[in-house]
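Structural features, examined
In case you want the letters, here they are:
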Amino acid sequence: MKSITIKDIKVFVTAPHGNNLVVVRVETSELGLYGVGCATFTWRCKAVVTAIEEYLCPMLKGRSVHDIEDIWQSMMGSSYWRNGPVLNNALSGVDEALWDIKGKLAGMPLYSLFGGKCREGIAVYRHADGNSPEAVEEKIHAFMEEGYRYIRCHMGTYGGNFDGSIQKMVHPENAPAGAYYSTRTYMQSVIRLFERIRSNVGWNLEIMHDIHERLSLADTLAFVKELEQFKPFFVEDALPPEQVNYFEYLRKQTAVPLAMGELFTHPIEWRTVVQNQWVDFIRCHLSDIGGLTPARKLAAFCESYQVRTAWHGPNDLSPIGMAAQMHLDMSSPNFGIQEFAGFNEAEEEVFPGCPFTKDGYAYLNDRPGIGVDFDEKAAAKYPPMEMDFSWLFSRLEDGTAVRP
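Below is a short write-up of the structure.

Some points on the packing of helix 9 (residues 267–275) against helix 10 (residues 292–303)
Interhelical geometry of helix 9 versus helix 10 gives an angle of 20° and a closest axis separation of 10 Å. Classed by the angle they form, the pair helix 9 and helix 10 counts as roughly parallel. Helix 9 and helix 10 meet at a crossing whose hand is right-handed. On the side of helix 9, the interface is formed by W270, R271, V274 and Q275, while helix 10 contributes L298, F301 and C302. Residue classes in the contact of helix 9 with helix 10 are distributed as five nonpolar, one polar and one charged.

Encoded structure:
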């Protein structure tokens, strides 16, 4: 096998969808051969860029592009302290780019390199959000007309929309600014919303909901049990990573399928809930756990315990990262569902080869490697932007800060 080495690693930040996306391009000693990967940590993108440019690039120049596993292990251990989202995203960008190169050298799409197709299309779910039950129902019908059969349903922002038009709250004097919400109003609003969906839309639709770790342990248990009557496809991120052991009590007291993992960055966080079969779906953000190399192992680990995959797929994930996840979806026997936020025209311009959807299924383009490219000139038209961090400053009615 011809020796091909890493010549340079470049990092780009672009915002074609209103979120700062971090893209890595690994250039090689072979003329015209390069790979692209996603390292998007929208809320700390500058830290990820620095980690790649100042640490990983100097360390990896001259390494063989073939040694993906050893490179990943070396990157993970080289900082001594590890398993945090900044460095994991930096690792992911390089890791996915190396897999992209591997697929191009083999002349195969990654799913073929991973063992081949387990299905022809990838079932995806979309988000129906709105500030009223009527608005959410309208979006549900619009998605159904496009052929989607799995829809995550939310109303406002955890029962409100920050301006008080849904939730009427009284704060203490001099309460700090923040994204305030009432846990009681939130829970009641979701129950009413699900009642409306099942009454007006019917039962020929899979619906889900994301709690986003915003409730106490007792409220979480009561809320999930109350949702049972609506037969959700799953309830997502019911607990924060620090409290995953409480899933034991949820599993024993509710039949609602549980999905967890969006905020996971460390194997210890998912190992216990999977081994004990306390959750039904693992939904890590691929770049937050370090890329394709650890995700392939996680998917295989979950298969042993009949836990299905439902990788995190918001719009603060580049089309490269989405396609990387979909290659796992295609080749994993324990695939469950794929979250999908859709692409706008600007993203499709910046990232030629985006996956496409038809009748509720996503499809890859079957080009070698990840199959999605990166147009540097087009990306320059959508420079990095100042992000709106407001939703991350969540507070209870009395002003207590909570983690979103």
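There is more to say after this.
Thoughts on helix 5 (residues 133–145)
With 13 residues, helix 5 should reach 18 Å at 1.5 Å per residue; the first-to-last C-alpha distance of 18 Å fits that figure. Every buried residue of helix 5 is listed here: V136, E137, I140 and F143. Buried residues of helix 5, seen end-on, are gathered within an arc of 120° and therefore sit on one face of the element. Turned more than 90 degrees away from the buried face of helix 5 sit E138 and E145, all of them exposed. Where helix 5 is buried, its residues contact strand 4 (122–128), strand 5 (150–153) and helix 6 (183–201). Two residues or fewer after helix 5 comes G147, characterised by a positive phi angle close to 100°.

Focus: the packing of aromatic side chains
Evaluated as defined, the whole model comprises 18 aromatic pairs. Summarising the aromatic geometry, the rings of Y125 and F234 are spaced 5.8 Å apart at their centres and angled 85° between planes, so their arrangement reads as edge-to-face. Of the two residues, Y125 is situated in strand 4 and F234 in strand 8 (residues 234–236); the sequence distance between them amounts to 109 residues. You'll find Y125 and F234 in the same group, each marked buried. A centroid spacing of 5.5 Å and a plane angle of 25° characterise the contact between F356 and Y363, whose relative ring orientation is stacked. Across from the ring centre of Y148, 5.3 Å away, lies the NZ or CZ of R126, which sits over that ring.

Some details on the sheet that holds strand 2 (residues 21–28)
Here we have three strands laid out as an open sheet, ordered 1-2-3, and antiparallel in their pairing. The two strands at the open ends of the sheet, each matched to only one other strand, are strand 1 (6–14) and strand 3 (34–38). Strand-to-strand twist of the sheet, defined as the mean angle between neighbouring strand axes without regard to direction, takes the value 20°. As paired strands, strand 2 and strand 3 are joined by five bridges and run antiparallel to one another. Paired with E27 across the bridge in strand 3 is Y34. Lying over the sheet, helix 3 (residues 85–106) contacts strand 1, strand 2 and strand 3, oriented at roughly 140° with respect to strand 3. Across the sheet, helix 11 (residues 319–331) touches strand 2 and strand 3, and the angle it forms with strand 3 is around 90°.

As for the packing of helix 2 (residues 68–77) against helix 10
Helix 10 packs onto helix 2 with a crossing angle of 100° between their chain directions and a minimal axis gap of 10 Å. With respect to helix 10, the element helix 2 is oriented roughly perpendicular. In this structure, helix 2 uses I68, E69, W72 and Q73 to contact helix 10, whose residues at the interface are T293, P294 and K297. Along the lines of polarity and charge, the residues of the contact of helix 2 with helix 10 split into three nonpolar, two polar and two charged.

The rules we used
- Residues numbered from 1 in each chain as written.
- Predicted model: local features only at pLDDT ≥ 70, side-chain atom pairs only at ≥ 80, totals over all residues.
- Heavy atoms only, no water.
- Axes fitted to C-alpha atoms, helices over the stretch in contact; angles between N-to-C directions.
- Helix = DSSP H or I, 4+ residues; strand = E, 2+ residues; numbered from the N terminus.
- Parallel < 35°, antiparallel > 145°, perpendicular 65-115°, else oblique.
- Left-handed = near helix turned anticlockwise from the far one by under 90°.
- Contact = heavy atoms within 4.5 Å.
- Nonpolar A, V, L, I, M, F, W, Y, C, P; charged D, E, K, R; others polar.
- Expected span 1.5 Å × (residues − 1).
- Buried < 20%, exposed > 50% of the residue type's maximum accessible area, 1.4 Å probe, protein only.
- Arc of directions from axis to C-beta.
- Phe/Tyr/Trp six-rings, centres within 6.5 Å; stacked < 30°, edge-to-face > 60°.
- Lys NZ or Arg CZ within 6 Å of the ring centre and 35° of its normal.
- Pairing = 2+ DSSP bridges.

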